[in-house]
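Next come the chains, spelled out residue by residue.
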Amino acid sequence: ILPPWSHPLGTTDNGLDVVPQVLYGFRIAVTFAVLVALLGYAVGVVVGGIMGYYGGWTDILVQRFIEIYGSIPFLYTIMILASITQPGFFLLAGMLVILRSWLGITYYVRGEFYREKAKDYVQAAIGTGVSDRKIMVKHILPNALVPVVTYAPFDVVSYMLVLVSLDYLGFGLPPQTPSWGYLLEQGRRYVTSYQHLILVPTIALAGTLFCVVVVGEAIREAFDPKVYSRLR
């Protein structure tokens with residue numbers, strides 16, 4: 001039984017009735033991706049900062065934990081958890097943050113903290129008795145945010161695709177939610193009679209991903225010092 005918002009009999013052949021559903025799905029996809037990216041980056045920056053600043057056995061032990069934890073198959077784990085309980089919006093976002101989204105950025109932040117820790121201004125702060133927390137937050141972190149700002153738009157794109165994929169497979173948001181994945185799944189069922197159920201969400205998804213990637217590329221170029229060095 002189809003939910004009311006996606007019933008093909010309630011649509012027209014020109015696809016106009018599906019446009020509000022696509023717009024609502026856009027809001028859900030963007031909100032979900034941005035929320036997962038913000039929470040995941042917050043955790044990843046903290047973990048990567050601790051690894052890079054303290055180094056030694058702290059760095060080694062956390063690295064081994066991340067390597068073991070990252071080897072857990074993400075898709076299968078989500079499918080198992082979704083089969084046990086139907087995740088809502090915030091529960092699915094929390095599952096994605098815990099299982100995956102914080103892992104990638106930790107190594108970039110770790111490398112930035114390692115590089116900045118060896119500079120003179122950090123050694124001067126340590127010599128004057130500034131606390132480790134203040135050095136990490138006020139001195140090193142502002143200079144280590146280049147990879148965070150650079151990769152954030154691309155991760156937003158990947159999380160949008162993850163949500164669409166999970167919804168399409170039936171392991172994402174509840175069926176009452178008009179997300180792009182469920183619209184595509186409904187279009188697959190009735191592709192011979194209602195082609196616009198696939199065409200309109202696909203165009204919206206491709207256009208959104210293209211715009212986000214363009215923004216991410218512009219941000220990357222803006223934070224790339226090599227660009228300015230070539231222009232001089």
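### Description of the confidence of the model for the protein chain
Then comes step 1: In this model, the protein chain carries an average pLDDT of 80, and 88% of its residues clear a pLDDT of 70 or more.
Then comes step 2: Here residues 1-16 scores under 50 on pLDDT; set against residues more than four positions off or in separate chains, the count is 30 contacts.
Then comes step 3: Note on residues 228-232: pLDDT under 50 across the span, and two contacts to partners over four residues away in sequence or across chains.

### Description of the pattern of salt bridges
Then comes step 1: In this structure the tally under the stated criterion is five salt bridges.
Then comes step 2: In this structure, R110 and D59 form a salt bridge, with 2.8 Å as the shortest nitrogen-oxygen distance. Residue R110 is found in helix α5 (residues 103-117), and its partner D59 is found in helix α2 (residues 56-70); the two are separated by 51 residues along the sequence.
Then comes step 3: In this structure D59 comes out as buried when scored by relative accessible area, which is 3%.
Then comes step 4: For R64, the salt bridge is made with E67, and the minimal N-O distance between the two is 2.8 Å. Taken together, the residues R64 and E67, both in helix α2 and three residues apart, mark about one turn of the helix.
Then comes step 5: With relative accessibility at 36%, the residue R64 sits in the partly exposed group.

### Things to note about the packing of aromatic side chains
Then comes step 1: This structure, assessed with the given rule, holds seven aromatic pairs.
Then comes step 2: Taking the centre distance of 6.2 Å and the plane angle of 45° together, the rings of F26 and W180 count as tilted. Pair noted here: F26 is in helix α1 (residues 19-54) and W180 is in helix α9 (residues 180-189), with a separation of 154 residues, a long-range link.
Then comes step 3: Three or more aromatic residues joined by ring pairs make a cluster, and in this case those are F32, F89 and F90.

### Brief notes about the environment of T31
Then comes step 1: One can find T31 in helix α1.
Then comes step 2: As a C-alpha pair, T31 and M160 span 129 residues in sequence and 9.2 Å in three-dimensional space.
Then comes step 3: Engagement of the side chain of T31 in a polar contact is seen with the backbone oxygen of R27, the distance being 2.7 Å.

### Some thoughts on the packing of α2 against α5
Then comes step 1: Orientation of α2 relative to α5, taken along the N-to-C sense of each, is 160°, at an axis distance of 11 Å. Relative to α5, α2 is oriented roughly antiparallel. For the pair α2 and α5, the crossing hand works out as left-handed. The residues of α5 that touch α2, namely those facing G56, D59, Q63, I66, E67, Y69 and G70, are L103, T106, Y107, R110 and Y114.
Then comes step 2: Here the contact of α2 with α5 is built from residues that sort into five nonpolar, four polar and three charged.

### Description of the nonpolar core
Then comes step 1: Formed by 37 residues in total, the largest nonpolar core has its most connected members in F32, V36, L96, M160, L163 and W180.
Then comes step 2: For this core, the leading source of residues is α1, giving nine residues.
Then comes step 3: If near-sequence neighbours (up to four positions away) are discounted, M160 is found in contact with A29, V30, A33, W180, T208 and L209.

### Looking at the side chain of D167
Then comes step 1: By the secondary structure assignment, D167 is in helix α8 (residues 146-169).
Then comes step 2: Setting aside chain neighbours within four positions, we find D167 in contact with G172, L173, S179, G181 and Y182.

### What about the environment of G216?
Then comes step 1: Structurally, the position occupied by G216 is in helix α10 (residues 196-222).
Then comes step 2: As a C-alpha pair, G216 and V156 span 60 residues in sequence and 9.6 Å in three-dimensional space.
Then comes step 3: Each residue touching G216, except ones within four places of it in the same chain, is listed here: T150, P153 and F154.

What counts and what doesn't
- Residues numbered from 1 in each chain as written.
- Predicted model: local features only at pLDDT ≥ 70, side-chain atom pairs only at ≥ 80, totals over all residues.
- Heavy atoms only, no water.
- pLDDT = per-residue confidence, 0-100.
- Contact = heavy atoms within 4.5 Å.
- Salt bridge = Lys/Arg side-chain N within 4 Å of Asp/Glu carboxyl O.
- Helix = DSSP H or I, 4+ residues; strand = E, 2+ residues; numbered from the N terminus.
- Buried < 20%, exposed > 50% of the residue type's maximum accessible area, 1.4 Å probe, protein only.
- Phe/Tyr/Trp six-rings, centres within 6.5 Å; stacked < 30°, edge-to-face > 60°.
- Polar contact = N/O pair within 3.5 Å; in protein donor to acceptor, adjacent residues only side chain to side chain.
- Axes fitted to C-alpha atoms, helices over the stretch in contact; angles between N-to-C directions.
- Parallel < 35°, antiparallel > 145°, perpendicular 65-115°, else oblique.
- Left-handed = near helix turned anticlockwise from the far one by under 90°.
- Nonpolar A, V, L, I, M, F, W, Y, C, P; charged D, E, K, R; others polar.
- Core = buried A, V, L, I, M, F, W, Y, C linked by side-chain atoms within 4.5 Å.

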